[in-house]
Every structure is written in C-alpha cells, then in structure tokens.
Amino acid sequence: SHTPNAGGLGMFASGVGGADAVDVMAGFPWEVRYPNLIGVRLTGKPSGWTAPKDVILKLAGILTVKGGTNAVVQYFGPGVAEISCTGKATITNMGAEIGATTSLFPFDEAMERYLRGTDRAALAELAIAHRELLSDDDDVAREPEKYFKRVIEIDLSTLEPHLVGPHTPDLARPVSTMAEAVKSEDYPDPVSVALIGSCTNSSYEDLTRVVDVVRQAKAHGMTRAAVPLLVTPGSEQVRATVERDGQVAELESFGATVLANACGPCIGQWRRDEIEPGTRNSIVTSFNRNFPRRNDGNPETLAFIGSPEIVAAYAVSGSLSFDPQRDEVKIDGGSFKLQPPQPAPDLPPNGFIKDTEGFLAPPADGSGVEIS
C-alpha cells in the first residue's frame, strides 16, 4: 500500500506484490493485465468532522474489497482541489484495500505547495511545465462516462464521517449509525484502545486536528483520555516537527503514548498487556487494514477504521456508540460537546525539520562497493 501513496502526488505508481516478485526472481515474466478505469467525481467541500479518510472509507463501502480489482481509480472533479496533498495520499494509500491497481489524483496547487515545502521545488517547476500531461483533458470532466468503465459520485459537502469494520474495510457505516450497529451486532461498546497514525494518517495536518480535539477535552476538565491512546508518527521528519510545534506535548499531557516511527500496531508489532488473549473487545484505528489478528494477534479484537480526528473523539468518549456530531461526553459533574476540529495547515508554518540521520549517499563511483 506504500507505493500507490504517490498517487497523491499525481504519479501512476503501482506496487509489486510478494508473489509477483518471487516469480521474477525465479526467472518468470511479470504479468500485468491492462487495467480498467474507475472514475470518482468529487464535488463540494468537506467541513465539520469530515476528513479525506472518509472519501476512501465511503468508496470501500461502495466498491467492496474486490470492486477495484484490475482497475485504476482516478479522482476528478471540482472537489479534488479541496483536499490537501497529504489528504490525497491518505486516499490513494488505502486504495489497496479495494483491490485497485493504483489510484490517481491530477496535479494541482496543493501538490505544488507540498513539493516546495519538502525541498522539491525543481519537481514542482517540472510538473507545472507539463501540467497538461498531469491532469484530465476538459472533455473527461464533461463526459466522464466515455472514458471510465464506471463513474462514482461523492459530494464532499454531504459526506459524513465514517467507520469501517470490523474484520473487513468495506463494511462501511456513517458514525451516526454506530449506536444502532452496536446494539444490532452486539459489538462491545467500550473502546479498549484508540490508535492514530502509522504510514497513513500521520501527517502534520492530521495530528494537528487530533490535538484540536484533545485541547477541547482538556479545556472541559478532562486530564487524560478515557482509554489508552497510542499515536504513531509516520516519519522522523513528522515526529521532530510535531515535537517542536507542541503537538507531542499536548498529546502526552492527555495520557497518550507517542510510539516510535515504525509500523507498530498496524502490522501486529503490539504486545497488549491490558487484556487477556481471546478477549472480545473493540478498538478504533486510523490504519488501513483490520482483518482478524492484524493488530494484536487476537482474533476476538474488533478493529474499526476511521479518520484521526474521529479516533481522537472515541478516545475522549470511550464508547463505540458515541456520535461526536450529536452526543455529549459525560464527565464527573456534567457533560460537554466536542466541536469539529478547525481546518489545519497541510504544511508546518515554520517548515519541516529536515532529517538525514541514517541516510548514506551513494558514492559517485560505485564500482568499488562490495555487497556481502
């Protein structure tokens, strides 16, 4: 899923699975079927609790885990410009969960801004010079049915925040229906752990919106999250930057544990000491995958995926049936209602802290390098 992340920067990037790689290593050809095109037309503008993550969660519910097989998912329409570059990457990253060959956004100002903000101005200039090659022709927008095998419409203005799961990323529900689902499906209502970050949904924008939720809870007298809250920065660059800008201190003062910049619980590198193996429990995550045993090795853990800010809201409430859009958080002596987090900058106002530790540039002449 890391490879199609680059679709958020206008790149057609298709990963090679392990079985394919083994075939090539054994001398067999790598066979790739010519993909179909699925067009996702985005209109409107997200607001309130709606996040870029909700686009792919909604789409997973429409296409299912097989609906994108042998297809490229191409996003287009006026709503594309309303999503940040890292938000676009969140959407394309999770395209693997619907079986897509890859996912793709057209080049736009958000991508240009991100390239410049990450010291890649030369690439930004190159993309601008060839903008017509990195975006749709006008007739695609006018008559998308002529170019796509299927066209799906998503209005960002009416898109609700979603949760998907458990046990599959295509069991999608708006959070407003979770209370009913908890009753009808007998899901454990107490949230045992909330997990934010990892390779997706750990951008500066994501973590800033999470901190907004945390600050609201603290302002109403909560001193720590209702449940264990684990936060995984996606890179050393992000970790160092959010530590400098205060997000790490805000999270830790609320009882959150900021983990190492690694996959961690997303791929099962998580030793849970607070429950016995085999205990049925509900967790909420902003990761991509939620099949049984994925996060903690326990087949009885029900993992529900949502946006970082929605996961933060569940960490505050501690209840899976909680709807932050309508419900109040109960605390000693009363209750309070969370407000949707404010829009956050997609790039740090003071720039990223650049990190090159551990990177060894290759020599100009590699002929003397010995591979052991």
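Just so you know, these numbers come straight off a predicted model, no measurement behind them. (Residues numbered from 1 in each chain as written. Predicted model: local features only at pLDDT ≥ 70, side-chain atom pairs only at ≥ 80, totals over all residues. Heavy atoms only, no water.)

Caption draft 1: Spatial organisation of the pattern of salt bridges. Under the defined criterion, the tally for this structure stands at 19 salt bridges. Here Glu153 ties to Arg41 by a salt bridge, and the two come within 3.4 Å at their closest N and O atoms. You can see Glu153 sitting in strand 4 (residues 150-155) and its partner Arg41 sitting in strand 1 (residues 36-43), a full 112 residues away along the chain. The exposure class assigned to Arg41 is partly exposed, which follows from its relative accessible area of 26%. Among the ionic pairs, Glu243 bridges to Arg239, the shortest N-O distance being 2.3 Å. (Salt bridge = Lys/Arg side-chain N within 4 Å of Asp/Glu carboxyl O. Helix = DSSP H or I, 4+ residues; strand = E, 2+ residues; numbered from the N terminus. Buried < 20%, exposed > 50% of the residue type's maximum accessible area, 1.4 Å probe, protein only.)

Caption draft 2: The side chain of Asp170, seen in detail. Along the polypeptide, Asp170 turns up in the loop between strand 5 (162-164) and strand 6 (172-174). Within polar-contact distance, the side chain of Asp170 engages the backbone nitrogen of Val65 at 2.9 Å. If sequence neighbours within four positions are ignored, Asp170 has contacts with Ala60, Gly61, Thr64 and Val65. (Polar contact = N/O pair within 3.5 Å; in protein donor to acceptor, adjacent residues only side chain to side chain. Contact = heavy atoms within 4.5 Å.)

Caption draft 3: Just the sheet that holds strand 3 (residues 102-104), in detail. Taking strand neighbours across the sheet as the criterion, the 4 strands line up as 3-2-1-4 in an open arrangement whose pairing is parallel. One side of each edge strand has no neighbouring strand; the edge strands of this open sheet are strand 3 and strand 4. Put simply, the sheet's adjacent strands are angled 20° from each other on average, direction ignored. The pairing of strand 1 with strand 4 spans 6 bridges and is classified as parallel. By the bridge assignment, Ile38 is partnered in strand 4 with Arg150. Its contacts with the sheet put helix 2 (residues 52-63) on strand 1, strand 2 (71-76) and strand 4, and the angle it makes with strand 4 is roughly 140°. (Pairing = 2+ DSSP bridges. Axes fitted to C-alpha atoms, helices over the stretch in contact; angles between N-to-C directions.)

Caption draft 4: Quick look at the nonpolar core. Grouped together as the largest cluster of nonpolar side chains are 43 residues, with contacts concentrated most on Val316, Leu320 and Leu338. Within the residue set of this core, elements represented by two or more residues are helix 7 (178-185), strand 7 (191-197), helix 8 (204-219), strand 8 (229-232), helix 9 (236-244), helix 10 (247-253), strand 11 (301-305) and helix 11 (308-317). Not counting chain neighbours up to four residues away, the residues in contact with Leu320 comprise Leu163, Met178, Val182, Tyr187, Pro188, Asp189, Val191, Ser282, Val284, Phe304 and Tyr314. (Core = buried A, V, L, I, M, F, W, Y, C linked by side-chain atoms within 4.5 Å.)

Caption draft 5: Summary view of the environment of Arg131. Mapped onto the elements of the fold, Arg131 is located in the loop between helix 5 (121-129) and helix 6 (138-142). For Arg131, the contacting residues outside a window of four places in its chain are Phe107, Asp108, Glu109 and Glu112.

Caption draft 6: Broad picture of the environment of Gly255. Position of Gly255 among the secondary structure elements: in the loop between helix 10 and strand 9 (257-258). Residue classification places Gly255 among the partly exposed residues on the basis of a relative accessible area of 23%. Separated by 43 residues in sequence, Gly255 and Asp212 place their C-alpha atoms 15 Å apart. Those residues within four positions of Gly255 in sequence are excluded, and the remaining contacts are Arg224 and Leu229.

Caption draft 7: Broad picture of the packing of aromatic side chains. Scanning all chains against the criterion turns up 3 aromatic pairs. Between Tyr75 and Phe105, the aromatic rings sit 4.5 Å apart at their centres with planes inclined by 5°, giving stacked as the arrangement. Placement of the pair is Tyr75 in strand 2 and Phe105 in the loop between strand 3 and helix 4 (109-117), with a sequence separation of 30 residues. Judged by relative accessible area, Tyr75 falls into the buried class, the value being 0%. Relative accessible area serves as the criterion here: at 1%, Phe105 is assigned to the buried category. With a centroid separation of 5.3 Å and 15° between ring planes, the pair formed by Phe76 and Phe148 is classed as stacked. In this pair, Phe76 is assigned in strand 2 and Phe148 in the loop between helix 6 and strand 4, connecting sequence segments 72 residues apart. (Phe/Tyr/Trp six-rings, centres within 6.5 Å; stacked < 30°, edge-to-face > 60°.)

Caption draft 8: Spatial organisation of the packing of helix 8 against helix 11. Contact geometry for helix 8 and helix 11: axes closest at 8 Å, N-to-C directions at 25°. Between helix 8 and helix 11, the angle falls in the class roughly parallel. Crossing angle aside, the handedness with which helix 8 passes helix 11 is right-handed. Packed against helix 8, whose contacting residues are Asp206, Arg209, Val210, Val213 and Ala217, the element helix 11 presents Pro308, Glu309, Ala312, Ala313 and Val316 at the interface. In terms of residue class, the contact of helix 8 with helix 11 is made up of 7 nonpolar, no polar and 3 charged. (Parallel < 35°, antiparallel > 145°, perpendicular 65-115°, else oblique. Left-handed = near helix turned anticlockwise from the far one by under 90°. Nonpolar A, V, L, I, M, F, W, Y, C, P; charged D, E, K, R; others polar.)

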